[in-house]
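Observations on the three-dimensional arrangement
Next come the chains, spelled out residue by residue.
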Amino acid sequence: MSSKPLLQIRNLQKYFVVERNFFGKPTAILKAVDDVSFDIHKGEAFGLVGESGCGKSTIGKMIVDIYSPTSGSIIFDGKDLASLNKAERRKYCKDIQLIFQDPYASLNPRMTVGEIISEPIRINKLLPSNEIENRVSYLLNCVGLASNYRNRYAHEFSGGQRQRIGIARALALNPTFIVCDEPVSALDVSVQAQVVNLLDDLKKEFSLTYLFIAHGLNVIKHISDRVGVMYLGKMMEIANKKELYQNPLNPYTQALMSAIPNIDLSVKKERIRLEGDVPSPINPPKGCRFCTRCFKVFEGCDVEQPPLAEEKAGHYVACRLFNK
C-alpha cells in the first residue's frame, strides 16, 4: 500500500433541498454528508460502514460525479475533480468506476452482455473495433463467466451472475479506483462470499484501489484494510481493520460491533441495544450526532460536535470521551 493518498476527501458536504417556500427559498435542507474528511491510499481497500441513510452511498456518488458536492473537495491523484473542465474530468472518469448495488436495475435489459461491457470501450475509443470482442471475452473470464455469455441478455442470469457482469463492465476501461456501492447487499447470502472473494482477487490482479461501502460488518472485515464508520452524515471513527474490530473507541462503533453474530457459543458476548430512533438529517442534533442514542452520553455532548481527532497512531475518533 502506497504512503501517498490516491484519493483525498476534504470537508466534503452534500446538502439536498427538500422543501421550499412560495418564493423558492429553501425551508428544509437534508444534510446527507456534513464535513467528512478521509484518505484512501493506492492499493488499499477502504471500508465505509454505517446505518442506512448515514451518507455512505452519497459519498460514493460524489466521487464518481453523479452528485456534485455542496462544498469541500475530492482530490484524486493530486487533482481536485471539481476544478477540472469537461475534457479533463472525462479522462479521470475512466480511472474511477462504480459497481452498483442493484444488479437487476443497473443492467440494460435491451442490450446483450457483450454490448453492456463493450459500450464504455466504444464510447471512449479505448480499443480498435476488431479487438473489442476479445477484450469482452477476457473480462467475462476474469469474473468467472464463460465468454459465450456475451450473446445473452441480462434477464437470463441470476443475481450473482448479473453482479459479475457489472464488475466486468467496471473493469472495461482499466480503472485504478473502483467505488463498490454495497455490491453484495442485494445478493443471496450463499453468493455474497463468492462475489467478495472475486473482488478481493481482482484487486490484486489489476492493482485496484477500492472504496467498499457496505452494511455487513463481516463483509467489511473480510475485504478492507482500513474502515471508516459513519453516522448521520458524520465520520465517527477511522482505524486499521484489526484495531477497529478489536478496540472500537466510539460508542456507536462499539454498538455496531456488538451486533455482529457470535458463532463461538463458548464466548459470551454482550449485545449493546440502542434506544430511540435515528434523528432526521433535516434536523440533526446540535452537538454530537449520536448523543440522543448514546449509552455513554454526558454533559456537553449535546452542545458541540467533537472533531475527528487521532487518539492513537492511525486511529481517529470523534467523541468527547476522548476529545475533551
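In this text, all values refer to a predicted model and were calculated from it rather than measured experimentally. Note on numbering: residues in each chain are counted from 1, in written sequence order. Totals for whole chains, interfaces and linings use every residue, but because this is a predicted model, local features are given only for residues with pLDDT of at least 70 and side-chain atom pairs only at 80 or more, for both listing and counting. As a convention, hydrogens and water are excluded, and side-chain values are obtained from all of the structure's heavy atoms.

Details of the sheet that holds strand β2 (residues 26–41)
Pairing between strands requires that DSSP locate at least two bridges from one strand to the other. Runs of E in the DSSP output that reach at least two residues are strands. Runs of H or I that reach at least four are helices, and both are numbered from the N terminus. One open sheet accounts for 4 strands, arranged β2-β1-β4-β5; its pairing is antiparallel. Of all the strands in the sheet, just β2 and β5 (79–80) have a single pairing partner and so form its edges. Judged from the 2 bridges that link them, strand β4 (residues 71–76) and β5 form a sheet pairing that is antiparallel. Bridging from a neighbouring strand, Phe76 pairs with Lys79 of β5. In what follows, residue pairs with any heavy atoms lying within 4.5 Å of each other are defined as contacts. Between N-to-C directions, angles span 0 to 180 degrees; the directions come from axes that are lines fitted to C-alpha atoms, helices contributing only their stretch in contact. Sheet strands in contact with helix α1 (residues 56–63) are β1 (5–20), β2 and β4, and its direction is about 110° off that of β1.

Things to note about the environment of Gln305
Along the chain, the position of Gln305 falls in the loop between α9 (251–258) and β11 (309–312). The sequence separation of Gln305 and Ala318 amounts to 13 residues, and the corresponding C-alpha distance is 8.1 Å. Those residues in contact with Gln305 that lie beyond four places of it in its chain are Lys234, Lys286, Gly287, Cys288, Arg289 and Ala318. Polar contacts, as counted here, are pairs of nitrogen or oxygen atoms within 3.5 Å of one another; within protein the pair requires one atom able to donate a hydrogen and one able to accept it, and residues that are adjacent in sequence qualify only if both atoms are side-chain atoms. At a separation of 3.2 Å, a polar atom in the side chain of Gln305 contacts the main-chain amide nitrogen of Arg289.

What to know about unusual backbone geometry
Note: most peptide bonds trans; most residues except glycine with negative phi. Positive phi values are uncommon outside glycine, yet Asp65 reaches one of about 75°. Examined against the element boundaries, Asp65 turns out to sit in the loop between α1 and β4. A positive phi angle, near 50°, is found at Glu182, a position not held by glycine. Relative to the assigned elements, Glu182 resides in the loop between β7 (177–181) and α6 (189–205). Residue exposure (1.4 Å probe, protein chains only): buried if accessible area is under 20% of the type maximum, exposed if over 50%, otherwise partly exposed. Of the residues examined, Glu182 reaches a relative accessible area of 5% and is grouped as buried.

Describing the packing of aromatic side chains
Whether two aromatic rings pair depends on their centres lying within 6.5 Å, for rings of Phe, Tyr and Trp, where Trp uses its six-membered ring; planes under 30 degrees apart make the pair stacked, over 60 edge-to-face, and the rest tilted. On inspection of all chains with the given rule, the structure shows 9 aromatic pairs. Centroid distance Phe16 to Tyr67: 5.3 Å. Interplanar angle 75°. Geometry classified as edge-to-face. Within this pair, whereas Phe16 is found in strand β1, its partner Tyr67 is found in the loop between α1 and β4, the two being separated by 51 residues in sequence. Residue Tyr67 is classed as partly exposed on the basis of its relative accessible area of 27%. For the ring pair Phe76 and Phe177, a centre distance of 6.1 Å and an interplane angle of 75° mean the geometry is edge-to-face. Of this pair, Phe76 sits in strand β4 while Phe177 sits in strand β7; the two residues are 101 residues apart in sequence, bridging distant segments of the chain. Residue classification places Phe177 among the buried positions, given a relative accessible area of 0%. Three or more aromatic residues joined by ring pairs form one cluster here, namely Phe76, Tyr92 and Phe177. A cation over a ring is seen here: Lys14 above Phe16, with NZ or CZ 5.1 Å from the ring centre. Geometrically, a charge over a ring is one whose NZ (Lys) or CZ (Arg) sits within 6 Å of the ring centre while staying within 35 degrees of the ring normal.

Things to note about the packing of helix α3 (residues 113–123) against helix α4 (residues 129–142)
Running from N to C, α3 and α4 cross one another at 115°; their axes reach a closest spacing of 10 Å. Relative to α4, α3 is oriented so that their crossing is right-handed. Taking contact as the criterion, the partners of Val113, Gly114, Ile117, Ser118, Ile121 and Arg122 in α3 are, on α4, Ile132, Arg135, Val136, Leu139 and Leu140. When residue character is reported, Ala, Val, Leu, Ile, Met, Phe, Trp, Tyr, Cys and Pro are called nonpolar, Asp, Glu, Lys and Arg charged, and the others, Gly included, polar. When the residues that make up the contact of α3 with α4 are grouped by side-chain class, the tally is 7 nonpolar, 2 polar and 2 charged. For any pair of crossing helices, the crossing counts as left-handed if the nearer helix is rotated counterclockwise from the farther one by less than a right angle, and right-handed if it is rotated clockwise.

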